[in-house]
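For reference, the chains in residue letters:
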Amino acid sequence: MRRGGIGLILCCRVLFMNETTRLVFHILAIAAMGVALWALLHFTAPKRQGPGQSTNYSSNLTNSTNDEQWTKAVEKVKADRGEPSPGQAAVEVPPELRHYEDRHWFLATQVAEVRQHNIQTCQDFVDLAAMIERGEMVTVPAVTDTYVLFGVGAKADEGVFSRYANDQSIGLYDEAQLRDEYARIDAARAAIQGVIANLKSQLGALRKRDRTKHSELQKQVTARQQELSSADEEKALLDQFYGQPDSRQKLFHDYESLQSLAKNFGGQTYDIDKPSDRQAMKLSMLRSLRPQALKVLEEIAASYHQTFDRPLPLSSLVRPEQYQQALHKVNRNAVLIDTPPHSTGLAFDIDYRYMGPAEQSFLMAALARMKDEGRIEVIRERSANYHVFAFVDGVRPPNEVITASLDEASTPIKEAHHVTNKDAKPRSRSKEAKNTKTKKRRR
């Protein structure tokens, strides 16, 4: 009995150990699958808010902004006018707000101003932050008695700050964050490769006649392979910029400078390692203009407010070229040339979406007068904006300088986006300029 009892106990222990071992392995397998799935989702999910996603603009106002005042101002902007809406009533557009016969002349005028005064443009948020710090750009309040920022910075995302060069964005990190970024990419690549191997195994086990299932699995393989390719490209980009000692140290320095600046930026403190703070800081920067443009803006807004007792709605101020590229994906009016007007800090857009015919006519007449005086370039866009560009010294660039800038402004403009000024005096290119092959700029 004793030996039998001992044997039974030992047998039970062995069975228990085997069962426990299987359970442990089962748990470890589930955990491994969970880690792989997390890495896959972490990689394939957007690292930053995409340009097409909506942003609650009012919730991103800084603490210094009176949220209630901003909300009331927006309500006035959207209020019913008691007259036909802009889409129901014809509005006569003055010749000054239409395109010239040479449709590139409009952009060339703005490019000429940049050339003539050697104006620095901002490629990315790092450039813009430095310009604000030097006083070249000034912060525009989100709301005043005469105007309200209505959508400015709406596409600001939570992504890491980055340098923008040669149409590429390279994230800014310190050494520890760079190691983490490499580890994240490696984990994501391993997870994706595991998923691909599993899918291919399922494909190999299928019967030839099961074409529907085969097609579905093949589509999944193709999608995962594209994700793997994106991961490879992302790693190659890090290698390209952080693999060279000089560029590596430059990027580390840019990160440190931005981090230091964020500690006291416009009276606010931001932690650029926190996504929400990065978004808030970007929004703050996008609410900036050069003093010359702000002066013009305030003059127009004061006149409009005095006449209609409404704040002038402004939809765009400065836009770094990097931000312009993202915006272009959802707004084809965001032009892509070597010198986008908004990257100068001299351009701003007025939103006429909710304005009645009387308000639009008043504004267009005021803008036309300022253009005739040589103080601004302006156009009425069918995307419901008046694009205004202020000249630095209130004087329009000479025609010969504009002519010399035509090639740089040669990005095609779709007919549907602007009204053509057939009545304006033709300002054609010189014979030499016409024979020059148009250069393709960032498309």
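None of the values given here were measured: they were computed from a predicted structure.

Caption draft 1: A look at the overall build of the protein. The helix and strand tally for the protein stands at 13 helices and 9 strands. Counting over 443 residues, the protein shows a buried share of 45%. Considering only contacts in the protein between residues 6 or more positions apart, those separated by 24 or more positions represent 78%. Put simply, the protein shows about 23,200 Å² of open surface, and 52% of that area lies on carbon and sulfur atoms.

Caption draft 2: Representation of the side chain of R380 in the model. Structurally, R380 is set in strand β8 (residues 376-381). Summary of buried charges: R380 has no salt-bridge partner, and the nearest side chain of opposite charge, D351, is 10 Å away. Of the polar contacts made by the side chain of R380, one reaches the side chain of Q360; its length is 3.0 Å.

Caption draft 3: View of the nonpolar core. Grouped together as the largest cluster of nonpolar side chains are 35 residues, with contacts concentrated most on L128, F161, Y242, F265, M281 and M285. Contributing elements (two or more residues each) for this core: α4 (125-133), α5 (175-205), α6 (211-242), α7 (245-262), α8 (275-286) and α10 (321-328). Setting aside chain neighbours within four positions, we find M285 in contact with F125, L128, A129, I132, F161, F265 and V318.

Caption draft 4: How the structure looks around unusual backbone geometry. The backbone of N166 shows a phi angle near 55°, a positive value even though the residue is not glycine. One non-glycine residue, D309, adopts positive backbone phi at about 55°.

Caption draft 5: Local environment of α5. The end-to-end C-alpha separation of α5 is 46 Å, in line with the 45 Å expected for 31 residues at 1.5 Å each. Those residues of α5 lying buried are L178, E181, R184, I185, A188, A191, I192, I196, L199 and L203. Between the side-chain oxygen of the N-cap and the backbone nitrogen of A176 there are 3.3 Å, and the N-cap of α5 in question is D174.

Caption draft 6: Main features of the packing of α4 against α8. It is at 10 Å that the axes of α4 and α8 come closest, and there the two elements cross at 60°. With respect to their mutual orientation, α4 and α8 come out oblique. Of the two possible hands of crossing, α4 and α8 adopt the one that is left-handed. Along its contact with α4, which presents F125, L128, A129 and I132, the element α8 presents K282, M285 and L286. Looking at the contact of α4 with α8 residue by residue, the classes come out as 6 nonpolar, no polar and 1 charged.

Caption draft 7: Just the packing of aromatic side chains, in detail. Considering all chains together, one arrives at 9 aromatic pairs under this definition. Pairing F389 with F391 gives two aromatic rings, centres 6.0 Å apart and planes at 70°, and the pair type is edge-to-face. The same class applies to F389 as to F391, namely buried. What links up through ring pairs into an aromatic cluster is the set F125, F161 and Y323. Between the NZ or CZ atom of K282 and the centre of the ring of F161, over which it lies, the distance is 5.3 Å.

Caption draft 8: Local environment of the environment of Q69. Relative to the elements of secondary structure, Q69 occurs in helix α2 (residues 67-78). For the pair Q69 and V143, spaced 74 residues apart in sequence, the C-alpha to C-alpha distance is 7.2 Å. Excluding its chain neighbours within four sequence positions, the residues that come into contact with Q69 are V143, T144 and D145.

Caption draft 9: Seen up close, the pairing of β8. Within β8, 6 of the 6 residues are buried, which leaves it mostly tucked inside the rest of the structure. Because side chains alternate across β8, one face comprises the buried residues I376, V378 and R380, and the other comprises E377, I379 and E381, equally buried. Sheet topology note: the β8/strand β9 (residues 385-390) ladder contains 6 bridges and is antiparallel. Opposite E381, over in β9, you have N385 as the bridge partner.

Caption draft 10: The arrangement of the pairing of strand β7 (residues 347-351) in detail. Of all 5 residues in β7, 5 are buried; the element is thus mostly enclosed. Every second residue of β7 is oriented toward a common face, with A347, D349 and D351 on one face and F348 and I350 on the other, all of them buried. Alignment of strand β6 (residues 312-316) against β7, held across 2 bridges, turns out to be antiparallel. Looking at the pairing, L314 lines up with I350 of β7. As paired elements, β7 and β9 share 5 bridges and run antiparallel to each other.

Caption draft 11: Quick peek at the sheet that holds β7. Taken together, 5 strands build an open sheet; the order of strands is β2-β6-β7-β9-β8 and the sheet is mixed. Edge positions in the sheet fall to β2 (147-149) and β8, since each of these pairs with one other strand and no more. On average, each strand axis in the sheet is inclined to that of its neighbour by 30°, with strand direction left out of account.

Definitions and limits used
- Residues numbered from 1 in each chain as written.
- Predicted model: local features only at pLDDT ≥ 70, side-chain atom pairs only at ≥ 80, totals over all residues.
- Heavy atoms only, no water.
- Helix = DSSP H or I, 4+ residues; strand = E, 2+ residues; numbered from the N terminus.
- Buried < 20%, exposed > 50% of the residue type's maximum accessible area, 1.4 Å probe, protein only.
- Contact = heavy atoms within 4.5 Å.
- Areas by Shrake-Rupley, 256 points an atom, 1.4 Å probe, with all protein chains shown as cover.
- Lys, Arg positive; Asp, Glu negative; His and termini not counted.
- Salt bridge = Lys/Arg side-chain N within 4 Å of Asp/Glu carboxyl O.
- Polar contact = N/O pair within 3.5 Å; in protein donor to acceptor, adjacent residues only side chain to side chain.
- Core = buried A, V, L, I, M, F, W, Y, C linked by side-chain atoms within 4.5 Å.
- Expected span 1.5 Å × (residues − 1).
- Axes fitted to C-alpha atoms, helices over the stretch in contact; angles between N-to-C directions.
- Parallel < 35°, antiparallel > 145°, perpendicular 65-115°, else oblique.
- Left-handed = near helix turned anticlockwise from the far one by under 90°.
- Nonpolar A, V, L, I, M, F, W, Y, C, P; charged D, E, K, R; others polar.
- Phe/Tyr/Trp six-rings, centres within 6.5 Å; stacked < 30°, edge-to-face > 60°.
- Lys NZ or Arg CZ within 6 Å of the ring centre and 35° of its normal.
- Pairing = 2+ DSSP bridges.

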